[in-house]
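Report on the structure
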Amino acid sequence: MAAFTAEIVYRGIFQKNLAARIVRGIVLSARKSGRWGIAFGRYGDSPQRNGIPAKDFAIVADTKEELEQNMARYEPKHVDVTICVDDTLAKGVESWAWYGLQPLNRLIVPGGTLLITSLQPYGDILRDIHRKDTPFTMALIRARASFSGLWVYKEDHTEVRILGALAKIVPAFLSLDAVCQAVSEMEWGSDLKVASARKAYDRLESREIEAGEGNPETPYSFELPRWWEMREGVSIPAIPLGKPKEGGKGYVPERNPYFKKFSTRTMRPVIDFDTCVKCNLCWISCPDSCFDVMPDGTFDANMESCCGCGVCEAVCPVEKCITMVNESVFDDNASQWDAWRQDKDAYRTWMIDKISNTQATVRSHGFRFRGQYEEELKSELDAGGQAITAGIPGENAQHKTV
Ligand code: SF4
Ligand code: SF4
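Reference entry: report on the structure contained in this document. (Residues numbered from 1 in each chain as written. Chains lettered and ligands numbered in written order. Predicted model: local features only at pLDDT ≥ 70, side-chain atom pairs only at ≥ 80, totals over all residues. Heavy atoms only, no water.)

1. As for the nonpolar core
This is how the line gets drawn: Each nonpolar core is a collection of buried residues, namely Ala, Val, Leu, Ile, Met, Phe, Trp, Tyr and Cys, held together in the definition by side-chain atoms within 4.5 Å. Only protein chains enter the accessibility calculation, which uses a 1.4 Å probe; a residue is then buried when its area is under 20% of its type maximum, exposed when over 50%, and partly exposed in between. Runs of H or I in DSSP of at least four residues are treated as helices and runs of E of at least two as strands, each being numbered from the N terminus. When checking whether two residues touch, look at their non-hydrogen atoms; a contact exists if any pair is within 4.5 Å.
Judged by nonpolar contacts, the single largest core of 40 residues is most densely connected at F4, I26, I83 and L115. Elements with a minimum of two residues in this core: β1 (3-11), α1 (16-32), β3 (53-61), β4 (79-84), β6 (136-141), α4 (158-169), α5 (176-185) and α6 (191-203). Non-local contacts of I26, meaning those with residues more than four positions away in its chain, are made with F4, A6, A58, V60, I83, L163, L166 and L174. The next biggest cluster of nonpolar side chains, apart from the first, holds 25 residues, and it includes V270, C286, F291 and M351.

So, in structure tokens, the structure goes:
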């Protein structure tokens, strides 16, 4: 291998700065060991939208000529390493820059590596990661997803932990010494961050994934004409009006069949239909027209089109009637209202199980007030890492932040 390519699949806006630091760190580390490198974003992903999956790339080569050869493509079609800094993206990624749902591991070459930050066990992640017909390695950094905002950066060391892990995954291109040297010289580097990179190198976990192992679902896809296939006078059909639900009661807004948006979310609303006062506020406020009006006057959020913004939870006047819960604890996009109508007791048990999960209901994304991240990091340190690292041997809060 005379060149290696990495992609970072990240959440638009919330992880934009994080992804940029990682690809830049890869290139600077490569330069420290006398190699050549380039970092760039996917053209079609800009401008970004909150939470929407987006990509950055880094290519490292032994020589300038090899680098130029690898840069000849518009964007890499195959990568040696896919980096994912939010494990809810394991369900697949849909961007407005491509059609349908792409498996997270789609571009990984046979024997390549998927590097994820996650607190989930391998089996739970594999329930989401789509099957591949070639083997690959899944490498885990034990940490929860790192989110910030457009103008802020969360200094939780995720960027250097990824770089330290890469030194273990592709040592022929990024040595640990080169990574540490690059980190200590970067404007955002420090001795503490060098220590974090080394710890990530030492503690990286990995597992071989066999061909055919993983989620058997076929990701949704469809064909649309390419821009060069379009002819003069082409018209784009508008989305039709909605229609009443079966039996003439209720209302279902029409939705874009080509852009479902659910891979945009890291959290989803869980609704308590028993306490809903049918005030309409969630329905009116949802920016993605997710809610179906049900025949009994309650509102069911359509999980294929919900982008997880949390507006419905914020506007609902009834306490705990809508609770946002981390996407990783759900396995499908089934209707909550259907489940409730079918068996109300069973739905209540399911709902309480979800909304009482204190780790899954911590709001994961977005910046809300000055000093927020310092507070979050302090509370994690004060908790001694117990809650966030439950079930992970050898993990502690110091490991997460230092
Ligand atoms: S979180 Fe609520 S408001 Fe936001 S898209 Fe989903 S259903 Fe709509
Ligand atoms: S905002 Fe809350 S109470 Fe009002 S209709 Fe929606 S779920 Fe029911």
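2. Points about the sheet that holds strand β5 (residues 108-117)
As a reminder of what qualifies: Strands pair, by our definition, only if DSSP identifies at least two bridges between them. Angles run from 0 to 180 degrees between N-to-C directions of axes, and those axes are lines fitted to C-alpha atoms, restricted for helices to the stretch in contact.
Taking strand neighbours across the sheet as the criterion, the seven strands line up as β2-β3-β1-β4-β5-β6-β7 in an open arrangement whose pairing is mixed. Single-partner strands in this sheet number two, and they are β2 (36-41) and β7 (205-209). Neighbour-to-neighbour, the strand axes of this sheet turn through a mean angle of 20°, independent of strand direction. Here five bridges tie β5 to β6, and the two strands are oriented parallel to one another. Across the sheet, residue I116 finds its bridge partner in β6, namely L140.

3. Observations concerning α6
Along an α-helix, residues three or four apart share an orientation, since each turn contains 3.6 residues. Convention followed: Helix span, as expected, comes to 1.5 Å for every residue beyond the first. Relevant arc is that of directions from the helix axis to the C-beta atoms, nothing else.
Here α6 spans 18 Å end to end across 13 residues, near enough to the 18 Å set by a 1.5 Å rise per residue. Among all positions of α6, only K193, V194, S196, A197 and A200 are buried. Relative to the axis of α6, the buried residues are bounded by an arc of 160° and lie together on one face. Exposed side chains of α6 directed beyond 90 degrees from the buried face belong to D191 and D202.

4. Description of the environment of R161
Residue position: R161 is located in helix α4. Sequence separation between R161 and V270 is 109 residues; the distance between their C-alpha atoms is 33 Å.

5. Looking at α4
End to end, α4 covers 16 Å across 12 residues, agreeing with the expected 16 Å (1.5 Å per residue, within 8%). In terms of burial, α4 is a largely internal element, 10 of the 12 residues being buried. T158, E159, V160, R161, I162, L163, G164, A165, L166 and A167 are the residues of α4 that are buried.

6. Focus on the pairing of β3
Burial within β3 is extensive, with nine of its nine residues counted as buried. Taking every second residue as pointing to the same face, both faces of β3 are buried, with P53, K55, F57, I59 and A61 on one and A54, D56, A58 and V60 on the other. For β1 and β3, the ladder comprises nine bridges, and the chain directions are antiparallel. The residue bridging A3 from the neighbouring strand is A61, located in β3. Summarising the sheet, β2 and β3 pair through six bridges and their orientation is antiparallel. Its bridge partner being in β3, G37 is matched across the sheet by V60.

7. With respect to the site of ligand 1
Stated precisely, the cut-off is as follows: Near residues are defined by distance, with any heavy atom within 4 Å of the molecule or strand qualifying the residue. Think of it as three bins: nonpolar holds Ala, Val, Leu, Ile, Met, Phe, Trp, Tyr, Cys and Pro, charged holds Asp, Glu, Lys and Arg, and polar takes everything else, Gly as well.
All residues in the neighbourhood of ligand 1 are listed as C286, P287, C290, F291, C306, C307, G308, C309, G310, V311, C312 and M324. Per-class residue counts for the shell around ligand 1 are 10 nonpolar, two polar and no charged.

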